[in-house]
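# Fold and contact review
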Amino acid sequence: MSDKAVLVTGGAGYIGSHTVIELLNANQNVVIIDNLTNSSYEAVRRIEKLTEKKVTFYKVDILDKKAMLEVFKRHDIWAVIHFAGLKAVGESTRIPLDYYHNNITGTILLLEAMKESNVHNIVFSSSATVYGDPAIIPIPETLPTGATNPYGRTKQFIEHIIRDLCTAENNWNAALLRYFNPAGAHPSGILGENPLGVPNNLMPYLSQVAIGKRECLSVFGEDYDTPDGTCVRDYINVIDLAKGHLAALTKMREPNVGCAEYNLGTGHGNTVLEMIHAFSKAVGRDLKYKIVARRPGDVRNLTANPEKANKELNWKCEKTLEETCESLWNWQSKNPNGLEDCPGDAPAESIICYL
Ligand code: NAD
Ligand code: UD1
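Sequence positions are assigned chain by chain, starting from 1 and proceeding in written order. As a convention, the first chain written is A and the first ligand written is 1, with the rest following in written order. Per-residue local features of the predicted model are confined to residues with pLDDT of at least 70, and side-chain atom pairs are confined, for both listing and counting, to 80 or more; whole-chain, interface and lining totals are unaffected and use all residues. Think of the side-chain values as coming from all heavy atoms in the structure, minus any hydrogens and water.

## What to know about the overall build of the chain
Helix and strand assignments follow DSSP, with helices taken as H or I runs no shorter than four residues and strands as E runs no shorter than two, numbered in order from the N terminus. Looking only at helices and strands, the chain features 11 helices and 14 strands. Here the chain has a C-alpha radius of gyration of 19 Å; the compact-globule value for 355 residues is 20 Å, and the two agree. Its C-alpha atoms give the chain principal-axis dimensions of roughly 55 × 45 × 40 Å. Relative accessible area decides the class of each residue, using a 1.4 Å probe on protein chains only: under 20% of the type maximum gives buried, over 50% gives exposed, and in between gives partly exposed. The 355 residues of the chain split such that 56% are buried. Every accessible area reported is derived by Shrake-Rupley at a probe size of 1.4 Å, with residue values counting cover from the shown protein chains alone. Surface summary for the chain: the accessible area is close to 15,300 Å², and the carbon and sulfur share equals 49%. Charged side chains in the chain number 36 positive and 42 negative. The centres of these two groups are separated by 2 Å. Radius of gyration here uses only the C-alpha atoms, and the compact-globule reference equals 2.2 Å multiplied by the residue count raised to the power 0.38. When charges are counted, Lys and Arg are positive and Asp and Glu negative, with His and the chain ends excluded. Taken as the charge centre is NZ of Lys, CZ of Arg, CG of Asp or CD of Glu, depending on the residue.

## Considering the site of ligand 2
We call a residue near a molecule or strand whenever a single non-hydrogen atom of that residue lies within 4 Å of it. In the vicinity of ligand 2 lie 20 residues, with L202, S218, R233, R295 and D298 positioned nearest. Two N or O atoms form a polar contact when they lie within 3.5 Å of each other; inside protein one atom must be a possible hydrogen donor and the other a possible acceptor, and for residues adjacent in sequence the pair counts only when both atoms belong to side chains. One of the backbone nitrogen or oxygen atoms of F220 is found 3.0 Å away from an oxygen atom of ligand 2. At 2.5 Å, a side-chain N or O of D298 approaches an oxygen atom of ligand 2.

## Side note on the layout of surface pockets
Here a cavity is any set of points on a 1 Å grid over the protein atoms alone where a 1.4 Å probe fits but cannot get out, and a pocket is any open set with protein on both sides within 12 Å along at least 5 of 7 lines; a residue lines the site when it has an atom within 4 Å of a point. Grid points are joined across faces, edges and corners, and a volume is the space filled by probe spheres set on the points. In this model, the second largest pocket occupies a volume close to 180 Å³. In this structure, the second largest pocket is lined by 13 residues; those nearest its centre are K243, A247, L313, N314 and W315. Ranked by residue count, the leading element in the lining of the second largest pocket is helix α8 (residues 238-252), at 6 residues. Classification used: nonpolar for Ala, Val, Leu, Ile, Met, Phe, Trp, Tyr, Cys and Pro, charged for Asp, Glu, Lys and Arg, polar for all others including Gly. Classifying every residue of the lining of the second largest pocket by side-chain character gives 4 nonpolar, 2 polar and 7 charged.

## A short note on the packing of aromatic side chains
Two measures describe an aromatic ring pair: the distance that separates the ring centres and the angle between the ring planes. Stacked, tilted and edge-to-face are the three classes assigned to paired rings of Phe, Tyr and Trp, where Trp is represented by its six-membered ring and a pair needs centres within 6.5 Å; plane angles under 30 degrees give stacked, over 60 edge-to-face, the rest tilted. For the coordinates displayed, the defined rule picks out 4 aromatic pairs. Pairing F279 with W329 gives two aromatic rings, centres 6.2 Å apart and planes at 85°, and the pair type is edge-to-face. In this pair, F279 is assigned in helix α9 (residues 272-283) and W329 in helix α11 (residues 321-334), connecting sequence segments 50 residues apart. Whether a charge lies above a ring is judged from NZ of Lys or CZ of Arg, which has to be within 6 Å of the ring centre and within 35 degrees of the ring normal. Sitting above the plane of the Y224 ring, R294 keeps its charged end 3.9 Å from the centroid. Lying across the ring of Y262, K308 places its NZ or CZ 5.0 Å from the centre.

## With respect to α11
A helix is expected to span 1.5 Å for every residue after the first. Counted at 1.5 Å a residue, the expected span for α11 with its 14 residues is 20 Å, and the 20 Å between its end C-alpha atoms agrees. The complete set of buried residues in α11 reads T324, C325, S327, L328, W329, W331 and Q332. At its buried positions, α11 is contacted by α2 (42-51), β7 (181-183), α7 (202-211), β10 (235-237) and α9. Residues count as neighbours in contact if any of their non-hydrogen atoms are within 4.5 Å of one another.

## A few points about the packing of helix α5 (residues 96-116) against helix α6 (residues 150-168)
Axis definition: a line fitted to C-alpha atoms, over the contacting stretch in the case of helices. Angles run 0 to 180 degrees between N-to-C directions. Where α5 contacts α6, the axes come no closer than 9 Å and their chain directions differ by 20°. In terms of axis orientation, α5 runs roughly parallel to α6. The handedness of the crossing between α5 and α6 is right-handed. Each of P96, Y99, Y100, N103, I104, T107, I108 and L111 in α5 lies in contact with α6, whose residues at this interface are P150, Y151, R153, T154, F157, I158, I161, I162 and L165. Partitioning the contact of α5 with α6 into residue classes produces 13 nonpolar, 3 polar and 1 charged. Here roughly perpendicular refers to angles of 65 to 115 degrees, roughly parallel to angles under 35, roughly antiparallel to angles over 145, and oblique to all remaining angles. Put simply, a crossing is left-handed when the front helix is turned counterclockwise from the back one by less than a right angle, and right-handed when it is turned clockwise.

## Some thoughts on the sheet that holds strand β11 (residues 259-264)
Taken together, the 7 strands give an open sheet; going across it, the order is β3-β2-β1-β4-β5-β6-β11, and neighbouring strands pair in parallel fashion. What marks the edges here is a single partner per strand, and that holds for β3 (56-59) and β11. If you compare each strand with its neighbour and ignore which way they point, the axes differ by 20° on average. Pairing between strand β4 (residues 77-82) and strand β5 (residues 121-127): 3 bridges, direction parallel. Of the residues in β5, the one forming a bridge with H82 is F124. Sitting on the sheet, helix α1 (residues 14-25) is in contact with β1 (5-9), β2 (29-34), β4 and β6 (173-179), with an inclination near 165° to β2. One requirement defines pairing of two strands: DSSP has to find at least two bridges between them.

Okay, structure coming up:
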């Protein structure tokens, strides 16, 4: 329990909102900033409903350094969990400058605001995408990185920036968390992923097929060198992932932590067809899918070796694939349109903007 607060950037988003719940349940004080470009203020209301706690929220853009400095001035913050960023791989190939500006410039401004406010602990949302097409499965953190798209390169560059900062100034501590494929929702069915428009990712698309919003899932390729020919991914339950952030914060309270990368994954891979069958079981009926051509940029297998996080962070995944699928279906069936039907913007008094 700490009187000081943790600042969560992107805390209204999918992984951020689930992490805020875990932080509040662990009696941490939390301050959220989010510009709500890919989320809704309703997520904050639902966090409050679930935890029965008041959440401090500011509608702030991480490109607005002055606004961030104001937040640091108003609150006694000891660490930042940095989720805010654009995350759609396909979109990043069409508008790379927007991705580099939002993700990289935004992170540099955040780091500057932290430094000027004397806050030197950061947990960063990186991604398994930094490994590109990995030569070793399961993937250890020691494997060279080589992202293959602009989104992935923003993650790779930000990792370098944070690492360089920790090397130059030894009062900084950083955990670079490389997420594998987050899936599932809060078991209450009150909070979950809220994709705007057509989902890019497998599980949100599949759940929209189940609810009748999409007709049929396209399976991208069945000629990969895998047990059934479809790609293998390591699907990590969002609650386990959220708890990984608490473990990283706990680590940061130790002396001389420095900068370290951690894979957050289960260590177990599943094919696309296995995921369709697992989710169909949770829904209780077969879901329509068809095999189509490979999606450009997809890699055969991304499965984590999570041993470093297991040992050093004293953390490991606990949820089963069945629980992940059931929680996703619970959320989707109770919220067929996600948070679309709820009023989305933040109260006027929570908006700080100098841009
Ligand atoms: P999300 O889009 O749901 O959440 C990101 C949040 O950041 C959103 O609420 C958005 O409004 C906010 N945001 C974006 N740009 C901002 C800015 N300039 N200023 C303030 N807020 C801003 O995404 P998510 O799935 O929760 O992902 C969180 C982080 O984890 C992202 O950095 C993402 O790249 C990373 N990540 C996600 C996945 C995944 O599959 N979901 C996998 C690996 C890594
Ligand atoms: C991608 C990015 C990752 C990013 C994540 C969330 C890469 C290598 N990975 O993960 O960095 O954080 O999105 O934005 O760029 N699939 C289908 N049909 C669909 C959708 C997906 O068959 O409609 C398949 C894909 O081919 C893949 C698997 O399902 O094999 C998972 O895809 P997806 O959920 O999009 O995640 P990744 O591509 O692994």
